[in-house]
Amino acid sequence: MSTPTRRLTVAQALVQFLSAQYTERDGVRHRLIAGTWGIFGHGNVAGLGQALLEAGEDTMPFHQGRNEQAMVHAAVGYARQLDRLSAQAVTTSIGPGATNLVTGAALATINRLPVLLLPGDYFATRAADPLLQQLEHPVEADLSVNDTLRPVSRYFDRISRPEALIPAALNAMRVLADPVETGAVTLALPQDVQAEAYDWPEEFFADRVWHVRRPAPDVFELAEAVEAIRSAERPVIVAGGGIHHSQAEDALKALVDATGIPVASTQAGKGSLRYDHPADLGGIGHTGTAVSDDIARTTDLVIGVGTRYTDFTTASNTLFQNPAVRFVNLNITAFDAHKLAARTLVCDARAGLTALTEALAGHRVNSVYEAEYRAGKERWEQVVDTAFTAPDENAVPTQTQLLGALDAVVGDDDVVINAAGSLPGDLHKLWRARSPRQYHLEYGYSCMGYEIPAGIGVQQAAPDTPVWSLVGDGTYLMMPTEIVTAVQEGLPINLVLIQNHGYASIGGLSESVGGERFGTAYRYRAADGTFSGAPLPVDLAANAASLGMDVLRAKTVRELREALATARASDRPTCVYVETDTATPTAPPAEAWWDVPVAETASRESAVQAREEYDRQVADRRRHL
């Protein structure tokens, strides 16, 4: 008996296959590839472009982007909002369209977030060689520019024959749906192969459900973790993004309520506990709160849950100073669980936290320790109040006062998105996260330009949720083009655009390491050749309006608060534009160090002094072995 087949092109078969893929976790099913972003050129217009047109919106929704990197950012924002259970694909032509994917792919993989990349590629048959936009390598003739995606992809394959699509597509779905393996997945599609027909087995197009596992902790590892926690005098939990991905927030709260162990959060983990929980200490590390970092310096046990331990979290390995400090890491990936020579608990975050709560029944931290961190939290809340409050409602707002105005306007379920600049530090220290998805910081790659397209992705994933993309002028100038997409799709994202005339964050960093803010200001050249003249006459609000946004200009704190409230109530993409007061410092200083190497020899006094300070700080670095 012959196997039923269906004759389709490779591109048509891929679209049909993707439309039938699902994830399932806890009995809830999600479409794995919920839509496809695309910009078409000669490498994909007659292949995937034709296939998407023929399939129709019901089979595979299509989203039109303006920049290939931005399309990946939008897909990443979408996947993060949906806890990695649903993702989107991105198709591009060959050449620059494909290489523009690399930054977005790196961001996705570093942040462990799924996205499917479908770049066009050169002729597999070499019938036309070289073709437009082809990289001719003199030694490796089978190399294409798509190979730049290999190091930033969790799975990569080039589909040089139609039948090769079957195992490649199945492997792609396996990686995307696996919380241990997930990240960017690339299937490079030669343009001639995309249009080639093949007799596909019907079972290739049957609905396929990829179960997202919740592996339980190993009995031995659990017993060791429980012993370590019971014997610790000053334990602290470092909450990472894995808690959100696992939907483990309630399990974390149950553990904390039962044991009194305080929680400090990474950028990805903030919001794991609501900000007003008495055990929530806020951010940790270089951009952390005073109470978090004080506890971290004296803790004898760090319980890392779903964290990668970046240098911002560990203050470049200078934060955990107690000579007796040890680590227990609960992580679904063994790679991350073994960091800092930790005892490991390799399992799902929700499953692991639940098991710990049960095994620690009756155990609670010392009441003196609990009173200490609660008092520290109360002191820090006063710092936040001061930073958020503007003494004069008619004054130009500072950046932290802007955050205070936004804090007064947002609802519990609003989503606030940011990625780069000086805002991540202020947000990590000060923002009062009220729900698990409210705080959306992309700080694994800290990619300028992420915020606006990510806002689109989040809005697609949560259509009835107010979404706020916070950007400075430097970030805005990197990638404002997806504003057009938000307007086209009728997605009412709110853009808070802050004008501070340059790279404020890098300017401050430059000054601290003896770089004297070189090359960080957006100003005319002065007589000495430096960029220290008058600010450039750039009207970013007019630019946003020209791309189709409603624009509200705010000059004072009062006008800002009114503009934010108006934007939140709008059903159109709306920009709130404000020029902040950069001369009045209101942000709390860093509570922990970050290692940015300083010139060891220099003729300028600023660099000499910065090196002296660097040598003092680096002496505190530890190897946790």
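Right above here is the structure, for reference.
Residues numbered from 1 in each chain as written. Predicted model: local features only at pLDDT ≥ 70, side-chain atom pairs only at ≥ 80, totals over all residues. Heavy atoms only, no water.

**Q** Mind showing me how you'd approach the nonpolar core here?
**A** Within soluble globular proteins, side chains that are nonpolar generally end up buried alongside one another. Formed by 81 residues in total, the largest nonpolar core has its most connected members in Ile-237, Leu-356, Trp-468, Leu-470 and Leu-564. For this core, the element with the highest residue contribution is helix α15 (residues 367-388), accounting for six residues. For Leu-356, the residues in contact, after removing those within four places along its chain, are Leu-222, Ala-225, Val-226, Ile-229, Leu-255, Leu-330 and Leu-345. Of all hydrophobic cores here, the second largest spans 44 residues; its members include Leu-101, Leu-149, Val-467 and Tyr-476. (Core = buried A, V, L, I, M, F, W, Y, C linked by side-chain atoms within 4.5 Å. Buried < 20%, exposed > 50% of the residue type's maximum accessible area, 1.4 Å probe, protein only. Helix = DSSP H or I, 4+ residues; strand = E, 2+ residues; numbered from the N terminus. Contact = heavy atoms within 4.5 Å.)

**Q** So what exactly am I meant to see when it comes to the sheet that holds strand β6 (residues 87-92) here?
**A** Two pairing modes exist for strands in a sheet, parallel and antiparallel, and in both the strands are linked by backbone hydrogen bonds. Spatially, the six strands line up as an open sheet ordered β5-β4-β6-β7-β9-β8, and their pairing is parallel. The outermost strands of the open sheet, each flanked by one partner alone, are β5 (62-64) and β8 (155-158). Between one strand axis and the next, the sheet turns by 20° as a mean value, whatever way the strands run. Pairing of β8 with strand β9 (residues 184-190) involves four bridges; the strand directions are parallel. The residue bridging Phe-156 from the neighbouring strand is Thr-186, located in β9. Contacts from helix α2 (residues 45-55) reach β4 (33-38), β5, β6, β7 (115-121) and β9, with the element oriented near 130° to β6. (Pairing = 2+ DSSP bridges. Axes fitted to C-alpha atoms, helices over the stretch in contact; angles between N-to-C directions.)

**Q** I would appreciate a short explanation of helix α24 (residues 605-618) in the present structure.
**A** An α-helix turns once per 3.6 residues; consequently, residues spaced three or four apart project the same way. For α24, spanning 14 residues, the distance from its first C-alpha to its last is 20 Å, which sits close to the expected 20 Å at 1.5 Å a residue. Considered for burial, the residues of α24 that qualify are Ala-607, Ala-610, Arg-611 and Tyr-614. Buried residues of α24 fall within an arc of 105° about the axis and therefore sit on the same side. (Expected span 1.5 Å × (residues − 1). Arc of directions from axis to C-beta.)

**Q** What's the story with the side chain of Gln-21 in this structure? I'm lost.
**A** Inspection of the secondary structure assignment puts Gln-21 in strand β2 (residues 21-25). Judged by relative accessible area, which is 0%, Gln-21 ranks as buried. At 2.9 Å, the side chain of Gln-21 and the backbone oxygen of Phe-17 are in polar contact. What Gln-21 contacts, discounting residues up to four positions off in sequence, is His-30, Arg-31, Leu-32, Ile-33, Met-173, Ala-206, Arg-208 and Trp-210. (Polar contact = N/O pair within 3.5 Å; in protein donor to acceptor, adjacent residues only side chain to side chain.)

**Q** Explanation requested: the packing of aromatic side chains in the structure shown.
**A** In this description, an aromatic ring pair is defined by two values, namely the gap between the centres and the angle between the planes. Counted by the stated rule, this structure contains twelve aromatic pairs. When the ring of Tyr-198 is compared with that of Trp-200, the centres are 4.8 Å apart and the planes differ by 70°; the resulting orientation is edge-to-face. Judged by its relative accessible area of 27%, Tyr-198 is partly exposed. On the basis of relative accessibility, which here comes to 0%, the residue Trp-200 falls in the buried class. Summarising the aromatic geometry, the rings of Phe-320 and Phe-327 are spaced 5.5 Å apart at their centres and angled 85° between planes, so their arrangement reads as edge-to-face. In this structure an aromatic cluster arises from ring pairing among Phe-17, Tyr-198, Trp-200, Phe-204 and Phe-205. A cation over a ring is seen here: Lys-270 above Tyr-439, with NZ or CZ 5.5 Å from the ring centre. (Phe/Tyr/Trp six-rings, centres within 6.5 Å; stacked < 30°, edge-to-face > 60°. Lys NZ or Arg CZ within 6 Å of the ring centre and 35° of its normal.)

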